[in-house]
Amino acid sequence: MATFGTLSDRLTETFRNLRTKGRLTPADVDGTVREIRRALLDADVALVVVKEFSAKVRERALGDEVNKALNPAQQVVQIVNEELVAILGGQQRRLQFAKNPPTVIMLAGLQGSGKTTFAGKLAKMLEKDGHTPLLIAADLQRPNAVNQLQVVAERAGAAIYAPEPGNGVGDPVKVARDGVEYARRQQHDTVIIDTAGRLGVDAELMKQAADIRTATDPDEVLFVIDAMIGQDAVNTAKAFQDGVDFTGVVLSKLDGDARGGAALSVASVTGRPIIFASTGEGLDDLEAFHPDRMASRILDLGDILTLIEQAQSAFDEEEAMKMAEKLATEAFTLEDFLEQMQQMRKMGSMKKMLGMLPGMGQMKQQLDDFDEREIDRTEAIIRSMTPAERRNTKLLNGSRRLRIARGSGMTVTDVNQLVQRFDQAAKMMKTVARGGMPNIPGMGPIPGAGRPGASSKRGKQQKAKGSRSGNPAKRAEENAGIAAAAPAAPTGSGFGLGGGAKGAPSAEDLAELQRMLGRG
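Residues numbered from 1 in each chain as written. Predicted model: local features only at pLDDT ≥ 70, side-chain atom pairs only at ≥ 80, totals over all residues. Heavy atoms only, no water.

**Some points on the pattern of salt bridges**
Phase 1: Evaluated as defined, the whole model comprises 17 salt bridges.
Phase 2: One salt bridge connects Glu181 with Arg184, and the closest N-O pair in it is separated by 2.9 Å. Of this pair, Glu181 and Arg184 both sit in helix 8 (residues 172-185), three residues apart, which is roughly one turn of that helix.
Phase 3: Overall, the relative accessible area of 38% leaves Glu181 in the partly exposed class. (Salt bridge = Lys/Arg side-chain N within 4 Å of Asp/Glu carboxyl O. Helix = DSSP H or I, 4+ residues; strand = E, 2+ residues; numbered from the N terminus. Buried < 20%, exposed > 50% of the residue type's maximum accessible area, 1.4 Å probe, protein only.)

**Considering the sheet that holds strand 4 (residues 190-194)**
Phase 1: On the basis of which strands lie adjacent, the open sheet formed by eight strands has the order 3-2-4-1-5-6-7-8 and mixed pairing. Strand pairing shows two members of the sheet lacking a second neighbour, strand 3 (159-161) and strand 8 (286-288), which therefore form its edges. Pairwise comparison of adjacent strand axes, ignoring direction, gives a mean angle of 25° for this sheet.
Phase 2: Here strand 1 (residues 103-108) pairs with strand 4 via five bridges, running parallel. Along strand 4, the bridge assignment pairs Met106 with Ile193.
Phase 3: Set on the sheet, helix 7 (residues 145-156) makes contact with strand 2 (133-137), strand 3 and strand 4; between it and strand 2 the angle comes to about 165°.
Phase 4: Each of strand 1, strand 4 and strand 5 (220-226) is contacted by helix 9 (residues 203-216), which is oriented at about 180° to strand 1, the strand it contacts most. (Pairing = 2+ DSSP bridges. Axes fitted to C-alpha atoms, helices over the stretch in contact; angles between N-to-C directions. Contact = heavy atoms within 4.5 Å.)

**Focus on the environment of Thr236**
Phase 1: In this structure, Thr236 sits in helix 10 (residues 232-243).
Phase 2: A C-alpha to C-alpha distance of 8.4 Å links Thr236 and Gly200, two positions 36 residues apart in sequence.
Phase 3: Apart from the residues lying within four places of it in its own chain, the contact partners of Thr236 are Leu110, Val201, Phe223 and Ile229.

**What about the side chain of Thr32?**
Phase 1: Position of Thr32 relative to the elements: it lies in helix 2 (residues 26-42).
Phase 2: With near-sequence residues (within four places) excluded, Thr32 lies in contact with Thr14, Leu18 and Val76.

**Describing the packing of aromatic side chains**
Phase 1: With the rule as written, the count across this model stands at four aromatic pairs.
Phase 2: Centre to centre, the rings of Phe118 and Phe276 are 5.8 Å apart; their planes meet at 50°, and the pair counts as tilted. Separated by 158 residues along the polypeptide, Phe118 in helix 6 (residues 115-128) and Phe276 in strand 7 (residues 274-278) bring together distant segments of the chain. No difference in accessibility class separates Phe118 from Phe276, as the two residues are buried.
Phase 3: Both rings, one in Phe223 and one in Phe246, keep their centres 4.9 Å apart while their planes meet at 25°; by these two values the pair is stacked. A residue pair is termed long-range when its members are at least 10 positions apart, and Phe223 in strand 5 and Phe246 in the loop between helix 10 and strand 6 (248-252) qualify at 23 residues. (Phe/Tyr/Trp six-rings, centres within 6.5 Å; stacked < 30°, edge-to-face > 60°.)

**As for the pairing of strand 6**
Phase 1: Judged by how many residues are buried, strand 6 sits mostly within the fold: five of five residues are covered.
Phase 2: With burial as the criterion, each face of strand 6 is covered, one bearing Gly248, Val250 and Ser252 and the other bearing Val249 and Leu251.
Phase 3: Relative to strand 7, strand 6 is paired through three bridges, and the arrangement is parallel. From the neighbouring strand, Val250 faces strand 7, where its bridge partner is Phe276.

**A closer look at the environment of Phe118**
Phase 1: By relative accessible area, Phe118 is classed as buried at 2%.
Phase 2: Considering only alpha carbons, one finds Phe118 and Ala277, 159 residues apart in sequence, at a separation of 9.6 Å.
Phase 3: Phe118 has contacts with Leu107, Leu222, Val224, Val250, Phe276 and Leu286, leaving out every residue within four places of it along the chain.

**Here we look at the packing of helix 9 against helix 10**
Phase 1: With their axes 10 Å apart at the nearest point, helix 9 and helix 10 run at an angle of 50° to one another. As judged from the angle between their axes, helix 9 and helix 10 are oblique. Note that helix 9 runs across helix 10; the crossing there is right-handed. Contacts between helix 9 and helix 10 involve Leu205, Met206 and Ala210 from the former and Ala239, Phe240 and Gly243 from the latter. (Parallel < 35°, antiparallel > 145°, perpendicular 65-115°, else oblique. Left-handed = near helix turned anticlockwise from the far one by under 90°.)

**Focus on the pairing of strand 5**
A regular strand places its side chains so that they alternate between the two faces of the sheet.
Phase 1: The buried fraction of strand 5 amounts to seven of the seven residues, a majority that puts the element mostly inside the structure.
Phase 2: Burial along strand 5 is two-sided: the face carrying Glu220, Leu222, Val224 and Asp226 and the face carrying Val221, Phe223 and Ile225 are both buried.
Phase 3: Two elements, strand 5 and strand 6, share five bridges in a ladder whose sense is parallel. Of the residues in strand 6, the one forming a bridge with Phe223 is Val249.

**Notes on the packing of helix 6 against helix 7**
Describing two packed helices takes the angle between their axes plus the distance from one axis to the other.
Phase 1: The N-to-C vectors of helix 6 and helix 7 enclose an angle of 25°; their axes lie 9 Å apart at closest approach. Viewed along their axes, helix 6 and helix 7 adopt a mutual orientation that is roughly parallel. Of the two possible hands of crossing, helix 6 and helix 7 adopt the one that is right-handed. Across the interface between the two elements, Thr116, Thr117, Ala119, Gly120, Lys124 and Glu127 from helix 6 touch Gln148, Leu149, Val152 and Ala156 from helix 7.
Phase 2: Its residues assigned to classes, the contact of helix 6 with helix 7 shows four nonpolar, four polar and two charged. (Nonpolar A, V, L, I, M, F, W, Y, C, P; charged D, E, K, R; others polar.)

Right under this line is the structure:
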């Protein structure tokens, strides 16, 4: 996640220095805590939070739990992880729904924090969970705020209540109150009220938000805050807590190039949990906030649980079974490959998914260089093929490949590379589906992992191999090269190394070879 990139790099480097030590002295702990403190301050975390966090880490790191640990460095990482979870709110907190619908959710925050976009994201998420949300356009101050909410509602497929045109016209308190009654009559079980914001905290903003809260008696008041505003997040959060009060926090723009101080400060300072995190501009880019998972991401420990959840939501179990059956019966085609790519695209950005794997923070450059458009290019090539060509790549002669390249806007080389990669991938997947071990390109078969009887079959194949050149000198040279490359006996390591000179040609063989080549 871009927001925590710098902080994650600094902490990872600090812990890397610890791993070389078998035992931690007080000086090592003090140095580590000092680096952690600097990293948090650079990330714009509030000073009061940094002081409290550093003190707890130092106290626990100097305690018996580290002194008695078999691996002190890992123990310190665990302590930092647990304390990060604590300042991020401890446990996940879900939305609280009313016993008698509709559940009223009021949004508050400064102008530009992302309230309107979040309203659409939340509505779409609630619809997926079987709810019937209604958006209420109570932001009547900002120019075109009502129109923006209408567009967002249409994209999210949600209903909207917008009786006033906005742009300074209408009473937002009356709109909010009437909207809740309208939702009750139309049997919407959830109401999301989009309120006005300001460029800064002022008395008029607070009074309007407080009046809407009094008029609608919301079950949840969510404070939407821009994760990129840094230290000022704490002051803004305190002002809203005193003026309106809120039950939970939403962090928006977590995908931005910021230092993440808001996320690590707001929950700790206000005592209110972070409920949602907005991670992109799309309406699907909204996640329930898990303090433990976020702490793992910051420490480059990965977030496998979120990755699994995204995969489960995107992949159809029945389709997965069909695909497994095709692999087992060698019926996997480019059409199936295209379908698999489309399923993966439903999960979201490939960069984001790869970033959830443990240790990927150390491969930041490779992730940055990853081109998401490569999937689009591959899809264009496959779609330029006929159904018969997708089912059987052997039909792809030179003229067909040229036609496909022109139809997809790619080159013949791109088409050739795709077909070659697909053939290799299909072979590997078929081998795995049969219970065997894949022959990884560039590595050869994995030693000792072949199926029963494979060794004798391989031996027959190797016997039959040899040069077919009509030139005796060239044939002798190629045969000698094959003999030298092939392991003569299984005396070396699994990859043909360490076998000594047992399989090497003798001095007489080399002399005979030179004589045949006319070089003796």
